[in-house]
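Single-letter residue listing:
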Amino acid sequence: MNKLSKALYAFIQIVRKPYLLNHILNDEQVKKEEFRTTFPQPLRQIPLTRFIHPDENVTVEPYAFLGGSCLATDMALLQQLCKMNKVEDYLEIGTWRGESVANVAPYVKNCFTLNLPDEMMKSMGLDPDYINMHRYFSNGISNITHLFGHSQSFDFGKLNKKFDLIFIDGDHHTEAVRKDTITALALMKNENSILVWHDASIDPETPRFEVLLGIYSAIPKANHKHIYMVSNSLCAIYHPFEIENVIPRANQTPPHYFSLDISVKQK
């Protein structure tokens, strides 16, 4: 099938099934081009070793090594940010199994984590086993408060609280990320507060422009210099102070590697 035939076939399919147009518009290559056009400045990257030093051991626990979770390095980053910045109040959007909030809880005074209510997920026809896995690791931890609602409409004002670190790991569509980021900006405690976005990369060497478009659209242009990708992770970070950085490139010789000690724990 030549290019013209393919184009005609695609046009016919879209006319028959208009929803297929969403797949084109949400294609990562399309998002990449949109990002490069709208925000032409290069991405900035800081090394994970900015937060984890070579002579330091970080214990990531709990960690299930299951689908839909953070990387171990993402958890380590959150832990280290909490420790280094003496975080007292932590908020995350998107609880899932509760691994990330359970990992930071030992280093934080107050943790809040928001997720859709179980009944709402049931009404969406989601797998009951998937629903039951929510909060699996975070239930019962005394300094964790579970919040229920949609991040786009939840009344955060009733918490009467601002946060030192906010971890955004909810809906990853561009508009949802934009709205969650605007919400997070209003919840920052002060000029030293930090934002972290999960899944800002598809893998540690491949940016996810669907998410990055939402981030950069929400952050005022003057503050784009504070947005960084974090190497060896799936995270981007808004750091209140400029950090020495590089332009990320794939397939570079690794300047360092990590050592993992794995042990099995019974829940």
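Remember, it's a predicted structure, so these values are computed and weren't measured experimentally.

Reading the values: the criteria
- For every chain, the first residue of its written sequence is number 1, and the numbers climb from 1 along that sequence.
- Under the rules for a predicted model, residues below a pLDDT of 70 receive no local features and side-chain atom pairs below 80 are neither given nor counted, while totals for whole chains, interfaces and linings still include all residues.
- Calculated side-chain values reflect all of the structure's heavy atoms, with hydrogen atoms and water omitted.
- Angular values range over 0 to 180 degrees, each being the angle between N-to-C directions of two axes fitted as lines to C-alpha atoms, with helices fitted over their stretch in contact.
- What counts as a helix is a DSSP run of H or I of at least four residues, what counts as a strand is a run of E of at least two, and both are numbered from the N terminus.
- If an angle is under 35 degrees, it is roughly parallel; if it is over 145, roughly antiparallel; if it lies from 65 to 115, roughly perpendicular; otherwise it is oblique.
- We call a crossing left-handed when the near helix sits turned anticlockwise from the far one by less than a right angle, and right-handed when that turn is clockwise.
- Pairs of residues are marked as contacts when any of their non-hydrogen atoms sit within 4.5 Å.
- Classification convention: Asp, Glu, Lys, Arg as charged; Ala, Val, Leu, Ile, Met, Phe, Trp, Tyr, Cys, Pro as nonpolar; all other residues, Gly among them, as polar.
- For this analysis, a ring pair means two rings from Phe, Tyr or Trp (six-membered ring only for Trp) whose centres lie within 6.5 Å, classed as stacked if their planes differ by under 30 degrees, edge-to-face if by over 60, and tilted for the remaining angles.
- Using a 1.4 Å probe on the protein chains alone, a residue whose accessible area is under 20% of its type maximum counts as buried, one over 50% counts as exposed, and one in between counts as partly exposed.
- Grid points spaced at 1 Å and placed over the protein atoms alone form the basis of the search, with a cavity being a set where a 1.4 Å probe fits but cannot get out and a pocket an open set showing protein on both sides within 12 Å along at least five of seven lines. Lining residues have an atom within 4 Å of a point.
- Grid points are joined across faces, edges and corners, and a volume is the space filled by probe spheres set on the points.

**Q** What exactly am I supposed to notice about the packing of helix 3 (residues 28-38) against helix 9 (residues 209-218) here?
**A** Geometrically, a packed helix pair is captured by the angle between its two axes and the distance between the axes. Interaxial distance between helix 3 and helix 9 falls to 8 Å at its minimum, and their mutual angle equals 30 degrees. With respect to each other, helix 3 and helix 9 are oriented roughly parallel. Remark: the crossing between helix 3 and helix 9 carries left-handed chirality. Along the contact surface, helix 3 presents Glu28, Lys31, Lys32, Glu34, Phe35 and Arg36, while helix 9 presents Phe209, Glu210, Leu212, Leu213 and Tyr216. Partitioned by chemical class, the residues of the contact of helix 3 with helix 9 number five nonpolar, no polar and six charged.

**Q** I would appreciate a short explanation of the packing of aromatic side chains in the present structure.
**A** Aromatic ring pairs: the centre-centre distance and the angle between the two ring planes describe each pair. Taken as a whole and judged by the stated rule, the model has nine aromatic pairs. When the ring of Phe35 is compared with that of Phe209, the centres are 5.4 Å apart and the planes differ by 50 degrees; the resulting orientation is tilted. Highlighted residues: Phe35 in helix 3 and Phe209 in helix 9, separated in sequence by 174 residues. Phe209 sits in the buried class, given a relative accessible area of 5%. When the ring of Trp96 is compared with that of Tyr130, the centres are 4.7 Å apart and the planes differ by 35 degrees; the resulting orientation is tilted. One end of the pair, Trp96, is in the loop between strand 2 (89-93) and helix 5 (99-104); the other, Tyr130, is in helix 7 (residues 128-132), and 34 residues separate them in sequence. What makes Trp96 buried here is its relative accessible area of 18%. Here the aromatic cluster, defined as three or more aromatic residues joined through ring pairs, consists of Phe35, Phe39, Phe209 and Tyr216.

**Q** Just to check I follow, could you spell out the layout of surface pockets for this structure?
**A** Estimated volume of the largest pocket: approximately 1100 Å³. Around the largest pocket, the lining comprises 30 residues; the ones closest to its centre are Val58, Thr59, Val60, Leu260 and Asp261. Residues belonging to the lining of the largest pocket are distributed by class as follows: 16 nonpolar, nine polar and five charged. By volume, the second largest pocket is sized at about 730 Å³. Lining the second largest pocket are 32 residues, and of these Gln45, Pro204, Glu205, Pro248 and Arg249 lie nearest its centre. At the level of elements, helix 3, strand 1 (45-46), strand 7 (201-203), strand 8 (206-207) and strand 9 (227-230) are the ones that each hand at least two residues to the lining of the second largest pocket. Ranked by the residues each element gives to the lining of the second largest pocket, the list is headed by helix 3, at four residues. Counted by class, the lining of the second largest pocket contains 17 nonpolar, nine polar and six charged residues.

So yeah, pure geometry; function would need other evidence.
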